[in-house]
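Results of the structural survey
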Amino acid sequence: MNELLDIMPGQWRLVLTPKSLRPTILTLIARLAQHSPLLIFDGGNQFNAYQVARAARGRPEVLKGIRVSRAFTCYQMAALLEGTCNTTAPILLLDFLSTFYDESVPITERHRLLEKCLPLIHRLSRSAGLLVTVHPPAVPSEESMQLIRRLQSEAAEVWLLELPTPAPEPLRLF
Amino acid sequence: MIVTGWLLDVFTTEITNGVVLWLLGEDGQRYRFEHTFLVTFYVAGPPERLRALWRFLQSQPESVRLSRTERRDLFAGPMTVLAVEVSRPAVLPRLFQMVSQAFPDLTYYDADIHIALRYSAAHRVFPLALCQIEADENSEVKAIQALDTPWELDPAVPPLRILTIEPDTDPGHAAPAQLIVSYDRCRYSLPLESAQALIAGLRATLKRYDPDLLLTTWGDTWLLPLLQKLSKEQNWPLPLNREPVSSVIHRKEHSYFSYGQIIYRGRQVCLLGRWHIDRHNAMLWDDYGLDGVLEMARVTGLPVQDAARLSPGTGISSMQFLTALRQGILIPWHKHQAEHPKTAMELLRADMGGMIYQPIPGLHRDVAGIDFVSMYPGIMVRFNISPEVPRAQDDLTPAPGYPGLVPQTLAPLLKKRLEFKSALASLSRWDARYKPYQARASANKWLLVTCFGYLGYKNARFGRIEAHEAVTAYGREALLRAKEAAEELDFTVLHMYVDGLWVQRADCQTPRDFQELLEAIRQKTGLPIALDGIYRWIVFLPSKVDARLPVPNRYFGIFQNGTIKVRGIEARRHDTPPFIAETQMQILEILARAPDADHLPDCLPAVAMLVKKKIASLRAGRIPLEDLLVSQRLSRELQKYRTPSPAARAAIQLARVGKQTNPGQRVRFLLTRGRPGIHSWDLPKPPDPRTVDIERYEELLLRATQTFLEPLALSNKNCLF
Amino acid sequence: MGRTLPSITQAFLQEQESFARFRRALRRSDQIALDDLFASARQHLAAAGYAAHALPFETFLLCMLLEEHKEVMRLRQHVEQLLARKE
């Protein structure tokens, strides 16, 4: 599990997990931040700084090394990627598709924005590596499946995480 | 010709070359004018793409005027954009849709702005403005000028002709038998069974009276759709619009997510040339009525019908658009601004709201309630907090530079609110201006309350989360400085809540005693602060779950002038049955008679008698069923409930008889004995009064009574029986 | 509306919940004492929130200590009064 966040320059990894593993991801972020600064784009409003802080034992130098920008719409997410220069810090796109599941934005727009994001993700992964985490939507739909599949088709590496014990709701989506 | 009158409506139609204006003339006539009006949207993007768009537009049948021009983006500053000017405003939405689908990668500005806002900005007029219009013999406007401003406390009110139509019962509850129509001193009923007579009657009235406002109940969701249907069946047109030729405007119902809640908006029917307001579907109608709606329209620039049906944020958004349009600031179609990166440490510090303290629970005497006046908007204006303005180094210092878009928009609104506050303080309740002032002040207050939330809203065109966070940071700083000022002057701070504090000092009982403190706070914070009142006594209530835990914002008290202030208890909650809410308020009124806290025990016999009477009435079945209704919102789709809430169970009952309830809508129900324990109110069959669960209502009543008596140490259950 | 970090009250409840197993294994009378400690920490949530510590539990511990000390001071004063009366 620790290797989950060990991304190398030039690499971009897609991690598909159920929402229940979000706290684990936050813990791993704290661990990664001990060795290197990180840039995080939070697409799902989930960067619970308390959980990360606890995993980092409150150490300020670790917390100061993690930079976070939150995107609340898919337009903002695209703008974040577009507006970021290549960095030396690895980049994490947390719950990347969450803003893309928003049905108040027409599906054609959401696909267009996703297409816009993909080459940007490739570009940004070249300097220090990039990780994308994706969770299934609360209410699965054909549209959200299409978005997930599109992202999957572009990723060099795809990790599928499932719960170790039988989950109450089996993961039908991946 | 030159005509002076009030601007009633501004809109465009397929056949006009510009806009149509309807004016209520000072001479009592209603005038219709047309005014050529060009509308423009702007496009930014890579030069080759703009050239391609240019070619695309030139090949379209609709004539447009294209040019390159420089305009200002709020964040990016001046930029070169392609201007697309259209001579028929009605064409713009269609053209824009086509363009944005063909060129989705480009950035669009000023694309989806309401025509009335555009016109208001361009000609410096506003809904209900008193205007002077110079027109030619074809009623084509040559010049228009507003003679007043939206900022007057007491504008001249146009003599509106109001036609009221309402069904004799709530259509959701039972089928109405007739419509009650009234205007001037006239009042009559039209039975619904004869469609022909109904349409004939309404036609005659509409033609003869020619109302400016059609005021209905359930007009949007039931009445007007029904009338239109009947009119069609009868093949007899109903002149609902004043505007000849055009059809009425329909908007579908929808539920949307806002501030953590689902809000339901019923379908809407809007008219052209006159207004239709459905009291039942109008935002905050109970709060501020027609005066408030008209004020909303004046101040936001939105036409009256839209202003009446405002969703949160639309009013403020419109005001920002007006400011932007007047200054040549581009209004983006989609918000692109994302958050600048923060470290995890910075996020810990920035991501919080207002300070909410735990009060010292129990009874306290001679307590002053002091509040910052419109704290968040005040902070935005005074310290220049705006999305495009870099934040000042220290909190509570103004950001240098020109006032930003947001402070510019809010400043006149805030000034008006302060003026209303002092005007109302000096007016007697019997003054004819009191009620309209109150209504207008309420509309203003509502806008101000929304503007802070709107600043952080993800879809707000000019929103920015950093600005939102700056406002809360300044708010926390202001409250803490107020606390420090109070403690330096030896006051005890009993409670603090975001923008208000409750303080006490042994020798302070009159307003004058607190002036020194108010002045000190003003000095330290730079913000206006006012005395809400001095409580003869106030009780801060503990948690119902655990008496050790004080609960913020749950209290009741009596001011020195005898008025009651209540927060957070059953009487304030929307789901409390009126019977219980009323009893609580009546208990408070009894307690208010005590000259001071020491005499409260003397009130106990009167309270006991009141409660005994209420219980007796309840047991004898004398309480009308409407007063026993619990009213709760449906928080999600029915199938999404794992265990249905009482509201959901009531909605299921309605669904079984074919009545759909949407998320965000309220359901009303009675508590009944046995299973299922609830009986939905709007079922076709009225409930059997004998099934009402008297014991549960009695228990709710006693619990509500205990809310008061316990903290006052007046609790003595025995004496209530 | 852009709130990502849990409120200080939510953080408090999570911390309290994380001691649920510890609490369960305590004797009943000790459980009541523990509950009192947590209740006393709740008196100062506003200050704990404002402090914005990376590890809020440390602030909650300080709150508990604060209330304990206030109680000690109150009792000390009470004892001194009683002793003074005896003389």
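Conventions we followed
Residues numbered from 1 in each chain as written. Chains lettered and ligands numbered in written order. Predicted model: local features only at pLDDT ≥ 70, side-chain atom pairs only at ≥ 80, totals over all residues. Helix = DSSP H or I, 4+ residues; strand = E, 2+ residues; numbered from the N terminus. Contact = placed C-beta atoms within 7 Å. Rg over C-alpha atoms; globule rule 2.2 N^0.38 Å. Buried ≥ 20, exposed ≤ 12 C-beta atoms within 10 Å, placed from the backbone. Pairing = 2+ DSSP bridges. Axes fitted to C-alpha atoms, helices over the stretch in contact; angles between N-to-C directions. Domains from an automatic or database assignment. Nonpolar A, V, L, I, M, F, W, Y, C, P; charged D, E, K, R; others polar. Parallel < 35°, antiparallel > 145°, perpendicular 65-115°, else oblique. Left-handed = near helix turned anticlockwise from the far one by under 90°. Arc of directions from axis to C-beta.

1. Observations regarding the overall build of chain B
Each helix and strand counted, chain B has 19 helices and 28 strands in total. Projecting the C-alpha coordinates of chain B onto the three principal axes gives extents of approximately 85 × 70 × 55 Å. Considering only contacts in chain B between residues 6 or more positions apart, those separated by 24 or more positions represent 63%.

2. With respect to the overall build of chain C
A tally of regular secondary structure across chain C gives 5 helices and 0 strands. For 87 residues, the compact-globule estimate of 2.2 N^0.38 gives 12 Å, and the C-alpha radius of gyration of chain C, at 17 Å, exceeds that figure by more than 25%. Based on the C-alpha atoms only, the size of chain C along its principal axes is roughly 65 × 35 × 20 Å. Taken over 87 residues, chain C has a buried fraction of 21%.

3. Describing the sheet that holds strand 3 (residues 30–35) of chain B
All names here are of chain B. Judged by pairing direction, the sheet is antiparallel, and its 5 strands sit side by side in the order 3-2-1-8-9 without closing on themselves. The open sheet has two free edges, formed respectively by strand 3 and strand 9 (141–146), since each of these has just one partner strand. Along the sheet, successive strands turn relative to each other by an average axial angle of 45°, direction set aside. Note that strand 1 (residues 2–11) and strand 8 (residues 130–135) share 5 bridges and pair antiparallel. Each residue of the ladder has a partner; that of Ile2, found in strand 8, is Glu134. The strands touched by helix 3 (residues 115–123) within the sheet are strand 1, strand 2 (19–25) and strand 9, with strand 1 carrying the most contacts at an inclination of about 145°.

4. Some remarks on the domain arrangement of chain B
Splitting chain B by domain gives domain 1 (162–285) and domain 2 (362–568). Here domain 1 of chain B and domain 2 of chain B have C-alpha centroids that lie 40 Å from each other.

5. Some details on unusual backbone geometry
Residues and elements named next belong to chain B. Cis geometry is found at the peptide bond from Arg675 to Pro676, where omega equals -5°. Relative to the helices and strands, Pro676 resides in the loop between strand 27 (666–671) and strand 28 (678–680). Its identity as a non-glycine residue notwithstanding, Asp490 has a phi of 65°, on the positive side. Relative to the elements of secondary structure, Asp490 occurs in the loop between helix 13 (465–488) and strand 21 (492–497).

6. Some points on the sheet that holds strand 12 (residues 186–191) of chain B
Residues and elements named next belong to chain B. In space, the 5 strands of this open sheet follow the order 12-11-10-13-18, with mixed pairing throughout. The open sheet has two edge strands with one neighbour each: strand 12 and strand 18 (275–278). Ignoring strand direction, the axes of neighbouring strands in this sheet form an average angle of 20°. Taken together, the 4 bridges between strand 10 (residues 162–167) and strand 13 (residues 213–216) define a ladder with parallel strand orientation. Across the sheet, residue Leu163 finds its bridge partner in strand 13, namely Leu214. Of the strands in this sheet, strand 10, strand 11 (178–183) and strand 12 touch helix 4 (residues 195–209), which is tilted by about 155° from strand 12. Strand contacts of helix 5 (residues 219–234): strand 10, strand 13 and strand 18, with the helix running at about 125° to strand 18, the strand carrying the most contacts.

7. So, the interface of chain C and chain A
If you look at the interface, chain C gives 8 residues, while chain A gives 11 residues. Classifying every residue of the side of chain C that touches chain A by side-chain character gives 6 nonpolar, 2 polar and no charged.

8. Things to note about the environment of Phe56 of chain B
Tracing the sequence through the fold places Phe56 of chain B in helix 1 (residues 47–58). With 254 residues separating them in the primary sequence, Phe56 of chain B and Leu310 of chain B have C-alpha atoms 37 Å apart.

9. Description of the interface of chain A and chain B
Chain A puts 20 residues into the contact, and the matching count from chain B is 16 residues. Of all elements in the fold, only helix 2 (49–55), helix 3 (60–64), strand 3 (66–70) and helix 4 (74–82) of chain A reach the threshold of two or more residues within the side of chain A that touches chain B. Among the elements that take part in the side of chain A that touches chain B, strand 3 of chain A stands out by supplying 5 residues, more than any other. Taken together, the residues of the side of chain A that touches chain B sort by class into 13 nonpolar, 3 polar and 4 charged.

10. Section: the packing of helix 3 of chain B against helix 8 (residues 314–326) of chain B
Residue and element names in this part refer to chain B. Contact pair helix 3 / helix 8: the axes reach a minimum separation of 9 Å and the direction vectors enclose 45°. By the criterion of interaxial angle, the relationship of helix 3 to helix 8 is oblique. Crossing angle aside, the handedness with which helix 3 passes helix 8 is right-handed. Of the residues in helix 8, those in contact with Leu117, Arg118, Ser120 and Ala121 of helix 3 are Ser318, Phe321, Leu322, Leu325 and Arg326. Residue classes in the contact of helix 3 with helix 8 are distributed as 5 nonpolar, 2 polar and 2 charged.

11. Looking at helix 1 (residues 8–18) of chain C
Inspection of helix 1 of chain C places Ile8, Ala11 and Phe12 of chain C among the buried residues, and these make up the whole buried set. Down the axis, helix 1 of chain C shows its buried residues gathered within 100° of arc, on one side only. Exposed side of helix 1 of chain C, more than 90 degrees from the buried face: Gln10 and Glu17 of chain C are the residues found there. Buried residues along helix 1 of chain C sit against helix 2 of chain A together with helix 3 (28–41), helix 4 (45–51) and helix 5 (56–86) of chain C.

12. A closer look at the pairing of strand 3 of chain A
Counting buried residues in strand 3 of chain A gives 5 out of 5 residues, a clear majority hidden from the surface. Along strand 3 of chain A, one buried face is formed by Ile66, Val68 and Arg70 of chain A and the opposite face, lined by Arg67 and Ser69 of chain A, is buried too. The pairing of strand 3 of chain A with strand 19 (residues 342–343) of chain B spans 2 bridges and is classified as antiparallel. Note that in strand 19 of chain B the partner of Val68 of chain A across the bridge is Lys342 of chain B.

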